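Single-letter residue listing:
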Amino acid sequence: MQRSRISSNVFTFNMVVSAYYKLGKLDKAVVIFKEMESLGFNPIVASYNTLIGGYCKQGLLSSALKLKDLMVRNDVHPSDITYNTLIHGLCEEGNLPEPNKIFNEMKGVNVTPNTVTYITFINGYCQVGNNDLSRRFFEEMSRNEIKADILTYNSLILGLCKEGMTKKAAYLVKKLDRKKLVPNSSTFSALL
């Protein structure tokens, strides 16, 4: 494009940043991101989200959090994708107090948590054996009228089975039919 003197725009740069990220070349994605800024293009939410996702995927959570802070300083408002990506990355590390801070910030700036947000917490707490907190998130999800999907129920069922609460897990499986959700192989694997 440059050799052909075709002008780039923020969307062109986003596609290149995304391509490098998908190829696992986060360092090159960062270079393109900085080049975009140096050429006077203001990154948009998608630009930041791509790099935040890359940092989280590589376990560079402090860099991801710094980028979210830069985003805010540059008057770009984080989206549910921004927050969900950070929460997922922090939950993957098993550092569960940190995602709670991000969750509270998310709600504080009026970004509505969605199914992905709640399933991330439910799954994270089930993985570390804290079914009480996973159930609290499930209850909050229900109170906020956010529809639970099969992944949500599978996480809860797996968590209950890990604690030996198979009767409660079986009750949730029965509840799936009333919710018009179809159990899948993960549902039955958890029970087995």
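Residues numbered from 1 in each chain as written. Predicted model: local features only at pLDDT ≥ 70, side-chain atom pairs only at ≥ 80, totals over all residues. Heavy atoms only, no water.

- If you look the protein up in an unreviewed UniProt entry, it shows as Pentatricopeptide repeat-containing protein from Heracleum sosnowskyi.
- The UniProt entry for the protein carries the following comment under Sequence similarities (unreviewed entry): "Belongs to the PPR family. P subfamily." (UniProt positions renumbered as here; feature names shortened; annotations may be inferred.)

**Here we look at helix α5 (residues 80–92)**
Next, step 1: With 13 residues, α5 should cover 18 Å at 1.5 Å per step; its first-to-last C-alpha distance of 18 Å lies within 8% of that length.
Next, step 2: By the burial criterion, the buried members of α5 are T82, Y83, N84, L86, I87, G89, L90 and C91.
Next, step 3: Lining the buried residues of α5 we find α3 (45–57), α4 (61–73), α6 (97–108) and α7 (115–127).
Next, step 4: G94 sits one or two positions beyond α5 and adopts a positive phi of about 80°. (Helix = DSSP H or I, 4+ residues; strand = E, 2+ residues; numbered from the N terminus. Expected span 1.5 Å × (residues − 1). Buried < 20%, exposed > 50% of the residue type's maximum accessible area, 1.4 Å probe, protein only. Contact = heavy atoms within 4.5 Å.)

**As for the packing of α5 against α7**
Next, step 1: Packing of α5 against α7 brings their axes to within 10 Å, and their N-to-C directions diverge by 10°. Considering the angle they form, α5 stands roughly parallel to α7. Counting all contacts with α5, which are made through N84, I87, H88 and C91, the residues of α7 involved are V116, T117, T120 and F121.
Next, step 2: Partitioning the contact of α5 with α7 into residue classes produces 4 nonpolar, 4 polar and no charged. (Axes fitted to C-alpha atoms, helices over the stretch in contact; angles between N-to-C directions. Parallel < 35°, antiparallel > 145°, perpendicular 65-115°, else oblique. Nonpolar A, V, L, I, M, F, W, Y, C, P; charged D, E, K, R; others polar.)

**Examining the pattern of salt bridges**
Next, step 1: This model, assessed by the stated rule, comprises 5 salt bridges.
Next, step 2: Two residues, K68 and D69, come together in a salt bridge whose shortest N-O distance is 3.0 Å.
Next, step 3: Salt-bridge contacts for K101 lead to E98; the nearest nitrogen and oxygen are separated by 3.0 Å. Of the two residues, K101 and E98 are both situated in helix α6; the distance of 3 residues between them amounts to about one turn of the helix.
Next, step 4: Of the residues examined, K101 reaches a relative accessible area of 53% and is grouped as exposed.
Next, step 5: In this structure E98 comes out as partly exposed when scored by relative accessible area, which is 24%.
Next, step 6: Three or more residues are tied together by salt bridges with common partners; here these are K68, D69 and E105. (Salt bridge = Lys/Arg side-chain N within 4 Å of Asp/Glu carboxyl O.)

**Description of the nonpolar core**
Next, step 1: Membership of the largest hydrophobic core comes to 51 residues, with the highest contact counts inside it found for L51, I52, Y153 and I157.
Next, step 2: When sequence neighbours within four positions are dropped, the list of residues in contact with I157 reads A169, L172, V173, T187, A190 and L191. (Core = buried A, V, L, I, M, F, W, Y, C linked by side-chain atoms within 4.5 Å.)

**Regarding the packing of aromatic side chains**
Next, step 1: Under the counting rule described, the total for this entry stands at 10 aromatic pairs.
Next, step 2: Between F138 and Y153, the ring centres sit 5.5 Å apart and the planes meet at 70°, which makes this aromatic pair edge-to-face. Of the two residues, F138 sits in helix α8 (residues 131–143) while Y153 sits in helix α9 (residues 150–162), which places them 15 residues apart along the sequence.
Next, step 3: The exposure class assigned to F138 is buried, which follows from its relative accessible area of 11%.
Next, step 4: Since its relative accessible area comes to 2%, Y153 is described here as buried.
Next, step 5: Grouping aromatic residues by their ring pairs yields a cluster made of F103, Y118, F121, Y125 and F137. (Phe/Tyr/Trp six-rings, centres within 6.5 Å; stacked < 30°, edge-to-face > 60°.)

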